[in-house]
Amino acid sequence: MTESTTEHWNTRYGHNAPEGLSWFEASPDLSLDLILGRSGPSDAVIDIGGGAARLPDALLAAGYSDLSVLDMSDEALALSRARLGAAAQKVAWITADIRKWRAERPYNLWHDRAVFHFLTDRDDQQHYIETMRQAIAPDGHAVILTFSRAGPMTCSGLPVQRYDPLDLVIRLEEVAPEAFKLETSGFADHVTPGGAVQSFQWSVLRRLDRV
Ligand SMILES: C[S@@+](CC[C@H](N)C(=O)[O-])C[C@H]1O[C@@H](n2cnc3c(N)ncnc32)[C@H](O)[C@@H]1O
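Residues numbered from 1 in each chain as written. Predicted model: local features only at pLDDT ≥ 70, side-chain atom pairs only at ≥ 80, totals over all residues. Heavy atoms only, no water.

> Tell me about the pattern of salt bridges, and name the residues and values.
Taken as a whole, this structure holds twelve salt bridges when the rule is applied. Ionic pairing is found between Glu19 and Arg54, a salt bridge with its closest N-O pair at 3.4 Å. Remark: Arg54 occurs in the loop between strand 1 (44–48) and helix 3 (55–61) and Glu19 occurs in the loop between helix 1 (6–15) and helix 2 (29–36); sequence separation between them is 35 residues. With relative accessibility at 25%, the residue Arg54 sits in the partly exposed group. The partner of Asp66 in a salt bridge is Arg105, and the shortest N-O contact between them spans 2.8 Å. In this pair, Asp66 sits in strand 2 (residues 66–71) while Arg105 sits in the loop between strand 3 (91–95) and strand 4 (107–113), placing the two residues 39 residues apart along the sequence. Assessed through its relative accessible area of 23%, Asp66 is described here as partly exposed. Given the relative accessible area of 33%, Arg105 is considered partly exposed. Taken together, the shared-partner salt bridges in this structure form one network comprising Arg38, Asp139, Glu183 and Arg206. (Salt bridge = Lys/Arg side-chain N within 4 Å of Asp/Glu carboxyl O. Helix = DSSP H or I, 4+ residues; strand = E, 2+ residues; numbered from the N terminus. Buried < 20%, exposed > 50% of the residue type's maximum accessible area, 1.4 Å probe, protein only.)

Written out as structure tokens, the structure reads:
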């Protein structure tokens, strides 16, 4: 099985039209709903593993002015920058591996669609959760979408760890006790450009304190 490397992702984005990638969404409606329900336009939002998703376009259109997109693939970020044109200058683009990265400033909202589930190594999960705890401002939120227990066992040819919302809460509690409260969660199907149905869970968590 291939490993999750920068080369893997740069090849995926470099050799395929974004519209053909299995995780492509023409409009990130669920993420947008969840983000708009928990934040306002002056809040700082970071999209972890944002890839070439159209979320920054939608948030800019909603008036958000403090947006960051992090991804280990500079090919992916280049696609988004090219799509956005001059508006790309309003977004902070961070090329980094979330398994090593630490935030240098606070964010009010942390969004992750289909990235945490690639972390099958428990040390990598721990680093991610500690980074998330450190990065989110008090009373800020995390919106995390992963494949659910009913979802596929691989994504982009890589193994994934599947979660139902309760599984996610348990893992967060193990690493960061009492740092997050699950506010709301659910399940949603994503239909890939090839017509496959993938079951996701989504969870909205509030950052409780600065432990
Ligand atoms: C399945 S895609 C989802 C992209 C985007 N969130 C979306 O919904 O369209 C996973 C993304 O996570 C990025 N990624 C995977 N592992 C990563 C890591 N360890 N650090 C940063 N980005 C990562 C990939 O480059 C890719 O853009």
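Moving on from the model shown.
> I'd like to hear about the nonpolar core, residue by residue, with values.
Counting residues in each nonpolar core, the largest one holds 35 residues, and the members touching the most others are Trp9, Tyr13, Leu59, Leu67 and Trp93. Those elements giving two or more residues to this core turn out to be helix 1, helix 2, helix 3, strand 2, helix 4 (74–84), strand 3, strand 5 (136–147) and strand 9 (197–207). In terms of nonpolar packing, the next biggest core, distinct from the first, is built from 29 residues, Ala44, Ala103, Trp110 and Leu119 among them. (Core = buried A, V, L, I, M, F, W, Y, C linked by side-chain atoms within 4.5 Å.)

> I'd love a proper account of unusual backbone geometry, names of residues and values included.
A positive phi angle, near 65°, is found at Ala114, a position not held by glycine. If you trace the backbone, Ala114 turns up in the loop between strand 4 and helix 5 (122–135). Judged by its relative accessible area of 10%, Ala114 is buried. Positive phi, close to 70°, is recorded for Asp139, a residue that is not glycine. Locating Asp139 in the fold gives a position in strand 5. Its relative accessible area of 47% is what places Asp139 among the partly exposed residues.

> I'd love a proper account of empty space enclosed by the protein, names of residues and values included.
Empty space among the atoms becomes visible once a probe the size of a water molecule is rolled across them. By the definition in use, this model includes two cavities of 30 Å³ or more. In this structure, the largest cavity spans a volume of roughly 510 Å³. What lines the largest cavity is a set of 33 residues, among which Tyr13, Gly49, Gly51, Asp71 and Val115 lie closest to the centre. Of all the elements in the fold, those that place two or more residues in the lining of the largest cavity are helix 1, strand 1, strand 2 and strand 4. Of the residues contributing to the lining of the largest cavity, the split by class is 20 nonpolar, six polar and seven charged. (1 Å grid on protein atoms, 1.4 Å probe; cavity = no way out; pocket = protein on both sides within 12 Å on 5 of 7 lines; lining within 4 Å. Points joined across faces, edges and corners; volume = space filled by probe spheres on them. Nonpolar A, V, L, I, M, F, W, Y, C, P; charged D, E, K, R; others polar.)

> Give a detailed account of the site of the ligand, specifying residues and quantitative values.
Near the ligand there are 21 residues, and of these Tyr13, Gly49, Asp71, Asp97 and Arg113 occur at the shortest range. Separating an oxygen atom of the ligand from a side-chain N or O atom of Tyr13 is a distance of 2.6 Å. A distance of 2.8 Å is found between a nitrogen atom of the ligand and a side-chain nitrogen or oxygen belonging to Asp97. Using a 2 Å cut-off from the grid points, one finds that the ligand occupies the largest cavity. Secondary-structure elements contributing two or more residues to the shell around the ligand are helix 1 and strand 2. Its residues placed into classes, the shell around the ligand shows twelve nonpolar, five polar and four charged. (Near = heavy atom within 4 Å. Polar contact = N/O pair within 3.5 Å; in protein donor to acceptor, adjacent residues only side chain to side chain. Sits in = over half its atoms within 2 Å of the grid points.)

Distances and angles like these do not, on their own, reveal function.
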